[in-house]
Amino acid sequence: MNSNTGRHTGKTGFTLTEIMIVVSIIGLLAVIAVPSFRVVVNNSRQKQVAQDLLLLHGCLDKLAWDTGSFPGTSYSKAPLRTYYTGGGVWPPHVYSLTNSNAGLVSTDGSYKNWKGPYIGLDRMPVKDPWGSVYWFDPQHYKFNDGGNHCYAAVISSGPDRLMYNNDDLYEIIQTYY
């Protein structure tokens, strides 16, 4: 500092060129890192869904073993298959597996020989990582096999949160034909 004028005589700070170079480097790193981060997050969500679906599959198997019925149906396993191939109308879907009519956590009294709960409410995966409920579909048709096979499945609506499209994640429980 010059003692006579009280002004700085030396150059301090960064030039505009230096600042632009640093901002460009940060932008380039962000362009590279953000898509990679999204892939990692989506993969971890899909792995969580796969674990949740396997857990729910095991609980649904225990329920069917004890009661002879899947959620939302009053038909046993064998009559359900016969009922479908006989051209009947399927029972309604159960969208929330925590409801008493689902029979996993509690029962509404419609399950004979119910020995649950088959999972505690504290361990029950209620929603998938995208915020949609897991649901059971006794008449699920897979899109990737041309809709030629009917399955009972527990399902996540996937990242787009829409039912019955190609990003659904599901666990097949039983094949009907």
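Provided above is the structure to which this section pertains.
This section reports on the structure supplied with the text. (Residues numbered from 1 in each chain as written. Predicted model: local features only at pLDDT ≥ 70, side-chain atom pairs only at ≥ 80, totals over all residues. Heavy atoms only, no water.)

Another point: the overall build of the protein chain. Scanning the protein chain for helices and strands turns up two helices and three strands. Mapped from its N terminus to its C terminus, the protein chain presents α and β elements in the order α-α-β-β-β. Evaluated residue by residue, the protein chain yields a buried proportion of 32% over its 177 residues. Here the contacts in the protein chain between residues at least 6 apart in sequence split such that 52% fall between residues at least 24 apart. (Helix = DSSP H or I, 4+ residues; strand = E, 2+ residues; numbered from the N terminus. Buried < 20%, exposed > 50% of the residue type's maximum accessible area, 1.4 Å probe, protein only. Contact = heavy atoms within 4.5 Å.)

For the rest of this paragraph, the subject is the environment of Tyr-118. As for its placement among the helices and strands, Tyr-118 is situated in the loop between helix 2 (77-85) and strand 1 (135-141). In the structure, Tyr-118 is positioned 56 residues away from Lys-62 in sequence and 6.9 Å away in space, judged by C-alpha atoms. Setting aside chain neighbours within four positions, we find Tyr-118 in contact with Cys-59, Lys-62, Leu-63, Asp-66, Thr-67, Gly-103, Leu-104 and Asn-113. A polar atom in the side chain of Tyr-118 sits 2.8 Å from the side chain of Asp-66. (Polar contact = N/O pair within 3.5 Å; in protein donor to acceptor, adjacent residues only side chain to side chain.)

With that settled, consider a nonpolar patch on the surface. Taken together, Phe-14, Ile-19 and Val-23 make up a surface patch of nonpolar side chains, about 330 Å² in accessible area. Residue position: Val-23 is located in helix 1 (residues 16-67). (Patch = residues over 30% accessible without salt bridge, like charges linked within 9 Å, V, L, I, M, F, W, Y side chains within 5 Å. Areas by Shrake-Rupley, 256 points an atom, 1.4 Å probe, with all protein chains shown as cover. Salt bridge = Lys/Arg side-chain N within 4 Å of Asp/Glu carboxyl O.)

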